[in-house]
Amino acid sequence: MNRLKYFLGTRVGFFSAATLLFWLKSYIAYQMEFALGVAGGMQELILFINPIATTVILFSVALYFKKPKTAYSVLFVVYFLLTLLLYANILYYREFSDFLTMGTVFGAGNVSGGLFASTIALLRLQDVLYWLDFALLVWAVTTKRIPIDPRPMKKRVAIAATTLGAAVFSANLTLAESDRPQLLTRTFDRNYIVKYLGLNFYTAYDAYQTFQNNQMKANAEESDMVQVLDYVNSHYAEPNPDMFGIAEGRNVIYIELESVQQFLIDYKLEDENGELHEVTPFLNSLFHDEASHSFENFFHQTGQGKTSDAEMLVENSLYGLPQGGAFTQLGGENTFHSTSKILENEGGYTSAVFHGNVGSFWNRTNTYESFGIDYFFDAQYYDMSDGRTMEYGLKDKLFYQESAKYLEQLPQPFYTKFMPVTHHFPYPLDEANADIPAANTSDETINNFFVTAHYMDEAIEEFFTYLKESGLYENSMIVLYGDHYGISNARNKTLAPLLDKDPETWNGYDNTMLQRVPLIIHIPGVTDGQVHETYGGQTDVMPTILHLLGVETKDYILMGSDLFSSNHAEMVPLRNGNVITPKYTILGSSVYDTDSGELLEDISPEEEAEIEAIREEANKQLSASDSVLMKDLLRFYTPEGLEDEKEMDYLYSEQLPVLQNEENKETSLIEQNGGQSTADLYETNAPELMTEEELAELMESKHSEENTDTSQTTETDTDDEQS
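Remember, predicted model here, so these are calculated numbers, not experimental data.

Peer 1: Which residues make up helix α13 (residues 306-316), and what values do they have?
Peer 2: Summarising burial for α13: eleven of the eleven residues are buried, a large majority. Among all positions in α13, only Lys306, Thr307, Ser308, Asp309, Ala310, Glu311, Met312, Leu313, Val314, Glu315 and Asn316 are buried. Ser317 sits one or two positions beyond α13 and adopts a positive phi of about 55°.

Next comes the structure, spelled out in structure tokens:
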């Protein structure tokens, strides 16, 4: 005991004790207060060590002060500020399931009304523990239970402490990058930064990003819009008069096809018995339906932001950023002329997004506020109990089924988006929900990809059935789009044989062609739908849909153009700078014939000039989009359709009372049914909703089918051997 007291009486000893206490407090908070999604031993180890590095570095500042009282005072100030930061995030996370950002902190004055009362409601008895260590240290020093060490501190000790912290951080970062590559360049969720590198680092990183964004914005001027407007005006495509307004006044229902690539349409997977299984039978029928305008040469244009980039592209006709995600870096701060805002102002639409994951994922909560989306139903509105979720959120069948009770309350016409998550890398699915066999390759990700795609297809069919039974179907336009690739380029050679391709000859052209994703615009009642060969990308969705709804887009800043327009430029720039046209596929310095896939080597001067012009046009489009986003240029420009836009306060945590008191609630489906809910009309075969007897019967049936398949395989093998 005397040795411990002596050690604590030294400056290094007291510094060590303070570091140990704060590290322990942080780790306890990580485990008790934050849902960080830690999985596996490596992530547990990283979470355990990540508070150490920044704590040592920040506390070591006190060791550089020679005067004893000053040194101890500095340590206490740093300790207090870090505790305040931790506790503020704990309170914020309890309410919003997210971490504080600089934008949130500096914008707190705009929501200060009622802030005190709401904060009091978040307090818990256990919170005393988050301040107890600080109080004990201050008490111990002020009462001289632990005396202040009067001896001067050698600078090399302070430098050694800082160096130790830096070394620990370097090791921490190495482990983090090994478990989550591109952690800092692809920051799609603040939870990941905290989980891997700690709350202190996240705060500094967020401040740095905020500073960078603010600098670029601060240097932007209204005149910067001139070049953007020149490009947009030259790029504009007049709407097709035969298509303009054919869906005017209808509800709009977007369904994001997570990780779905075009090759899945009409694809049949052959099992080990030679039996063919249609992977997406419902999507196939929809793709070819007479009420559908479908596009077979439609490409995703996402970057590192993946799904969130697809949302940015479809909602705003703007690309994601060259690095990182636009949602996470700019979504909560920028001005947007989104489809949601345009339809609300020009058509009186109510907007809503449904998503079976937390609102912090991809910074959706803050970004949707900037988009002007009226309602956001995220994980807090769904039953997320054990057995109902996979890695990225609620299972699709349950997601659509539970969404019905919210959808029916939206005033019509409504503009909605459904963001399911089950068909997501690495494509896990429990046996009860798997209805087709997995593929048979050396890559389990590819094998399971087809299983979850089939499940997704079944879930969408159930949702369509509900729309028809409830009466929403006939007065809606339903848009289904693939958000990004599901199988990465690194796995494509393994996938190749399933597509009747030779892995040995697989090249960059083949990778690029696999970036095709489905686009299906389904308009019930239309009878002249067709599969279009037109080349386009996700930037083209917004102008296309607005024109179908009878909204002119000439005054809006859009990078894409109407897919039905005779003036539509069939040029698809990808976020990495590659470009696809019906004639050329331009991949860096390599140019392929798009139709044949042949590498063009003997290019004439005329062809070279044509190719260079395509490159320049693509670069103009990407540069214009980057200027709009990174400089926040839309704050300088208000199109006529948004001149009457109202400022709104969005609170996605308490939406149902607001929804039930909407001024025009009489137009909602439930009110049109005299208050009778249509949710009971939703039929699903989700195993999670079955009784124990029904589930047992289902599993027995599946095992019986498996035994039959195994028996058939054995018989086939025996016949082969005998022959």
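Peer 1: Talk me through a nonpolar patch on the surface; I want residue IDs and the actual numbers.
Peer 2: A surface patch of nonpolar side chains, amounting to about 650 Å² of accessible area, comprises Leu125, Val128, Leu129, Leu132, Leu136 and Trp139. Position of Leu132 relative to the elements: it lies in helix α7 (residues 129-142). With relative accessibility at 39%, the residue Leu132 sits in the partly exposed group.

Peer 1: Describe in detail the packing of helix α3 (residues 40-59) against helix α9 (residues 190-197), supporting the description with residues and values.
Peer 2: Contact geometry for α3 and α9: axes closest at 6 Å, N-to-C directions at 75°. By the criterion of interaxial angle, the relationship of α3 to α9 is roughly perpendicular. Residues Gln43, Ile46, Leu47 and Asn50 of α3 form the contact with α9, whose own contacting residues are Val194, Lys195, Tyr196 and Leu197. Taken together, the residues of the contact of α3 with α9 sort by class into five nonpolar, two polar and one charged.

Peer 1: Please provide a residue-by-residue account of the environment of Tyr382, values included.
Peer 2: Relative to the helices and strands, Tyr382 is located in the loop between β6 (375-377) and β7 (389-390). Judged by its relative accessible area of 7%, Tyr382 is buried. In the structure, Tyr382 is positioned 64 residues away from Leu318 in sequence and 31 Å away in space, judged by C-alpha atoms. In contact with Tyr382, other than residues within four places in its own chain, are Phe354, His355, Phe377, Leu394, Phe399, Glu402 and Ser403.

Peer 1: Explain the packing of helix α2 (residues 11-33) against α7 residue by residue, including any values.
Peer 2: Packing of α2 against α7 brings their axes to within 9 Å, and their N-to-C directions diverge by 170°. Classified by the angle between their axes, α2 and α7 sit roughly antiparallel to one another. Crossing of α2 against α7: the hand is right-handed. The segment α2 lies against α7, with Phe14, Ala18, Leu21, Lys25, Ala29, Met32 and Glu33 engaging Leu129, Tyr130, Asp133, Leu137 and Val141.

Peer 1: Outline the side chain of Asn89, listing residues and values.
Peer 2: Among the structural elements, Asn89 can be located in helix α4 (residues 68-96). According to the relative accessible area criterion, Asn89 is buried, its value standing at 1%. Looking at Asn89, its side chain comes within polar contact range of the main-chain nitrogen of Leu100, at 2.9 Å. Residue contacts for Asn89: discarding those within four places in its chain leaves Phe34, Asp98, Phe99, Leu100 and Leu199.

Peer 1: For the nonpolar core, give the residues involved together with the corresponding values.
Peer 2: Counting residues in hydrophobic clusters, the biggest one holds 95 residues, and the most contacted among them are Met477 and Ile521. Those residues in contact with Ile521 that sit more than four places away from it in its chain are Ala291, Ser292, His293, Phe295, Met477, Ile478, Val479, Thr544, Ile545, Leu548 and Phe564. Leu410, Ile478, Ile487 and Leu669 belong to the second-largest nonpolar core, a separate cluster that totals 59 residues.

Peer 1: Hey, could you go over the sheet that holds strand β14 (residues 579-580) for me, with residue numbers and the actual values?
Peer 2: With antiparallel pairing, the four strands of this open sheet are ordered in space as β13-β14-β15-β16. Both outer strands of the open sheet, β13 (572-573) and β16 (590-593), are each paired with one neighbouring strand and no more. Where β13 meets β14, two bridges bridge the pair, whose relative direction is antiparallel. Within the sheet, the bridge partner assigned to Pro573 lies in β14 and is Val579. Along the sheet face, helix α22 (residues 605-630) touches β13, β14, β15 (584-587) and β16 and points at about 65° away from the line of β15.

Rules used in this analysis
- In this convention, every chain numbers its residues from 1, walking through the sequence in written order.
- The predicted origin of the model limits local features to residues at a pLDDT of at least 70 and limits the giving and counting of side-chain atom pairs to 80 or more, whereas totals for whole chains, interfaces and linings rest on all residues.
- Calculated side-chain values reflect all of the structure's heavy atoms, with hydrogen atoms and water omitted.
- When accessible area is computed with a 1.4 Å probe and restricted to protein chains, residues below 20% of their type maximum are described as buried, those above 50% as exposed, and intermediate ones as partly exposed.
- Numbering of helices and strands runs from the N terminus; a helix is a DSSP stretch of H or I covering at least four residues, while a strand is a stretch of E covering at least two.
- Patch membership requires more than 30% relative accessible area and the absence of a salt bridge. Residues of like charge join within 9 Å; the nonpolar side chains Val, Leu, Ile, Met, Phe, Trp and Tyr join within 5 Å.
- Here the Shrake-Rupley method, with its probe set to 1.4 Å, supplies the accessible areas, and only the displayed protein chains count as covering residues.
- Only one rule defines a salt bridge in this text: a Lys or Arg side-chain nitrogen within 4 Å of an Asp or Glu carboxyl oxygen.
- Interaxial angle, 0 to 180 degrees, is taken between N-to-C directions of lines fitted to C-alpha atoms, where a helix line uses only the stretch in contact.
- Geometric relationships in this document are graded by angle, where less than 35 degrees denotes roughly parallel, more than 145 denotes roughly antiparallel, 65 to 115 denotes roughly perpendicular, and other angles denote oblique.
- A contact between two residues is defined here by any heavy atoms of the two lying within 4.5 Å.
- Gly is put with the polar residues, along with every residue not named as nonpolar or charged; the nonpolar set is Ala, Val, Leu, Ile, Met, Phe, Trp, Tyr, Cys and Pro, and the charged set is Asp, Glu, Lys and Arg.
- Less than a right angle of anticlockwise turn of the near helix away from the far helix marks a crossing as left-handed, whereas a clockwise turn marks it as right-handed.
- Any pair of N or O atoms that falls within 3.5 Å is considered a polar contact. Within protein, one atom must be able to donate a hydrogen and the other to accept it, and sequence-neighbouring residues count only if both atoms are side-chain atoms.
- Only buried Ala, Val, Leu, Ile, Met, Phe, Trp, Tyr and Cys residues count toward a nonpolar core, and they belong to the same one when joined by side-chain atoms within 4.5 Å.
- DSSP-based pairing: two strands are paired if at least 2 bridges between them are found.

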